[in-house]
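Structural description and commentary
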Amino acid sequence: MRAWRVERPGEPSEVLSLADVPVPEPGPGQIRVQVTAAGIGLPDVLMCRHTYPLTPSGAFTPGQEGAGVVIAVGPDVDMALGTKVMSTTSFMEGSGSFAEEYLTPARSSFAVPSGLGDVEAAGFWIPHLTAWIGLVDRAHLEPGQWVAVIGAAGGSGIAAVQLGRALGARVVAIVSDEARAEFCRGRGADETINYRDGDLAGRLRLITGGRGVDVVYDPVGGSVAEEAATALARHGRLLAVGFASGNWARIETINLVVTNTSLVGVYAGDYGRDELDVIHARLSDLVSSGRLQNTVTTQVAFDDLPSALQRLADRSVIGKMVMVC
């Protein structure tokens, strides 16, 4: 089968090469999925660079998320061939979704919510699962509270924008230009701020009538997150989701103490199947009711993956990008 492979660290356009590799055989608890579409995310860029903490050793196929049809099952897996699924992949074993087929644990595969096609499903699960864990499980977001989303026009950010709005919160999208602001407003953001205009904290406080935001959803890190944290309201929570800027936000403990605020870690990889089934059901209900919309803005062909992933690395993509087979 054809698969995109990374054999050395570097930029996606330089290190991704197309190879003919053996079809992977599912082991115990695994299934093999024929890819119809694969979500493209910043972790895939970081894996190409070998700067992602979960980068496999040796040659590997990146691609953390995908959608397709089950065509083989391993021992002890009770799943019918031909089942349509969306899933995270066995990318840490080198079998990611940037291929014609990939492996995944059966426990990491879920039914596609009613209302989503294969393309939308391929880019849905990881961003929305992470947003749910952050906003619901970790921040305990309540209706009427203010949530500021950094990097709001990216795949992770726009999922949090939409979910926050669906949960009844008031959402401020923090972006870098007017095109991204317009995109976020079209997906439900109540307010937008271009952080490049300066005084981010002051404008967050102005928007919220001086009290500050209750939650900052931060997949970016760095100085933008650090400034946004100074605009947290009492009992506010900074959600450390990712480090797209290259650095995690650095918050002095004394600043948390004197403001009665919290720095909260968000990690989606430590949840059991029972917990994930509940989250999947809640997200599926929001999709079916129309409260979560499609966030996929760009579809690229299998053969165009290296240039597409490079565009993501160069920060020229708005919304969620998906590879179609």
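So, how was this worked out
- Residues numbered from 1 in each chain as written.
- Predicted model: local features only at pLDDT ≥ 70, side-chain atom pairs only at ≥ 80, totals over all residues.
- Heavy atoms only, no water.
- Phe/Tyr/Trp six-rings, centres within 6.5 Å; stacked < 30°, edge-to-face > 60°.
- Helix = DSSP H or I, 4+ residues; strand = E, 2+ residues; numbered from the N terminus.
- Buried < 20%, exposed > 50% of the residue type's maximum accessible area, 1.4 Å probe, protein only.
- Salt bridge = Lys/Arg side-chain N within 4 Å of Asp/Glu carboxyl O.
- 1 Å grid on protein atoms, 1.4 Å probe; cavity = no way out; pocket = protein on both sides within 12 Å on 5 of 7 lines; lining within 4 Å.
- Points joined across faces, edges and corners; volume = space filled by probe spheres on them.
- Nonpolar A, V, L, I, M, F, W, Y, C, P; charged D, E, K, R; others polar.
- Contact = heavy atoms within 4.5 Å.
- Core = buried A, V, L, I, M, F, W, Y, C linked by side-chain atoms within 4.5 Å.
- Axes fitted to C-alpha atoms, helices over the stretch in contact; angles between N-to-C directions.
- Parallel < 35°, antiparallel > 145°, perpendicular 65-115°, else oblique.
- Left-handed = near helix turned anticlockwise from the far one by under 90°.
- Pairing = 2+ DSSP bridges.
- Right-handed = clockwise from strand over helix to strand, strands pointing away.
- Expected span 1.5 Å × (residues − 1).
- Arc of directions from axis to C-beta.

Under the counting rule described, the total for this entry stands at 3 aromatic pairs. Measuring from ring centre to ring centre gives 6.1 Å for Trp4 and Phe302, while their planes differ by 35 degrees; the resulting arrangement is tilted. Placement of the pair is Trp4 in strand β1 (residues 2–6) and Phe302 in the loop between β14 (296–301) and α11 (305–313), with a sequence separation of 298 residues. With centroids separated by 5.1 Å and ring planes inclined at 35 degrees, the aromatic side chains of Phe243 and Trp248 adopt a geometry described as tilted. Using a relative accessible area of 44% as the deciding quantity, one classes Trp248 as partly exposed.

With that out of the way, let us pick up the pattern of salt bridges. Tallied over the full model, the rule gives 12 salt bridges. Arg32 is the partner of Glu101 in a salt bridge, and the nearest nitrogen-oxygen pair spans 2.7 Å. In this pair, Glu101 is assigned in strand β6 (residues 101–105) and Arg32 in strand β3 (residues 30–40), connecting sequence segments 69 residues apart. One connected set of salt bridges, linked through shared partners, spans Arg2, Glu100 and Asp303.

What follows covers the layout of surface pockets. Its volume calculated, the second largest pocket comes out at about 180 Å³. Contributing to the lining of the second largest pocket are Arg205, Glu226, Ala229, Thr230, Leu232, Arg250, Ile251, Glu252, Asn255, Leu256, Thr259 and Thr261. Of all elements in the fold, only α8 (222–229) and α9 (253–259) reach the threshold of two or more residues within the lining of the second largest pocket. Looking at the lining of the second largest pocket, the element that brings in the most residues is α9, giving 3 residues.

On to empty space enclosed by the protein, then. For the structure shown, the criterion picks out 1 cavity of 30 Å³ or more. One number sums up the size of the largest cavity: a volume of about 50 Å³. Every residue lining the largest cavity is listed: Leu116, Glu120, Phe124, His128, Val287, Leu292, Gln293, Asn294, Thr295 and Val296. Grouping the amino acids of the lining of the largest cavity by side-chain chemistry returns 5 nonpolar, 4 polar and 1 charged.

On to helix α2 (residues 42–49). Residue pairs three or four apart in sequence face the same way in an α-helix, which turns once every 3.6 residues. Three or more residues of α2 are buried, namely Asp44, Val45, Leu46, Met47 and Cys48. Here the buried face of α2 lies against β1, α1 (12–15), β2 (16–20), β3 and α11. Of the residues one or two after α2, His50 is the one with positive phi, at around 65 degrees.

This paragraph deals with the nonpolar core. In this structure, Val147, Cys184, Tyr217 and Leu239 are the most contacted members of the largest nonpolar core, which totals 48 residues. Ranked by residue count, the leading element in this core is helix α4 (residues 125–138), at 6 residues. What Leu239 contacts, discounting residues up to four positions off in sequence, is Gly134, Leu135, Arg138, Ala139, Val215, Val216, Tyr217, Asp218, Val264 and Val266.

A few words now on the environment of Gln145. Note on placement: Gln145 falls in the loop between α4 and β8 (146–150). The exposure class assigned to Gln145 is buried, which follows from its relative accessible area of 15%. Residues contacting Gln145, with those up to four places away along its chain left out, are His140, Ala169, Arg170, Asp214 and Arg237.

This part is about the packing of helix α7 (residues 200–207) against α8. The N-to-C vectors of α7 and α8 enclose an angle of 40 degrees; their axes lie 8 Å apart at closest approach. Taken together, the axis directions place α7 and α8 in an arrangement best described as oblique. α8 is crossed by α7, and the crossing has right-handed handedness. Together, Leu200, Ala201 and Leu204 of α7 and Val224, Glu227 and Ala228 of α8 make up the contact between the two elements.

Moving on, we come to the pairing of strand β10 (residues 191–194). Here strand β9 (residues 170–175) runs beside β10; their pairing, made up of 4 bridges, is parallel. Across the sheet, Val175 pairs through a bridge with Asn194, a residue of β10. In this fold, the crossover linking β9 to β10 by way of helix α6 (residues 178–186) has right-handed handedness.

Another aspect to go through is helix α10 (residues 273–288). Taking 1.5 Å of rise per residue, 16 residues should cover 22 Å, and α10 covers 22 Å from first to last C-alpha, within 8% of that figure. Among the residues making up α10, those that are buried are Leu276, Ile279, His280, Leu283, Ser284, Leu286 and Val287. In an axial view of α10, the angular spread of the buried residues amounts to 155 degrees, which keeps them on one side of the axis. Looking at α10, the residues exposed on the side facing more than 90 degrees away from the buried face are Asp274, Val278, Asp285 and Ser288. Next to the buried residues of α10 lie β5 (84–88), β7 (109–110), α4 and α5 (155–166). Immediately downstream of α10, the backbone of Gly290 shows phi near 85 degrees, a positive value.

Sheet topology places β3 next to strand β4 (residues 65–73); 8 bridges connect them, and they run antiparallel. Its bridge partner being in β4, Ala38 is matched across the sheet by Gly66. Examined bridge by bridge, β4 and β5 share 5 bridges and lie antiparallel to one another. Paired with Ala67 across the strands is Met86, a residue of β5.

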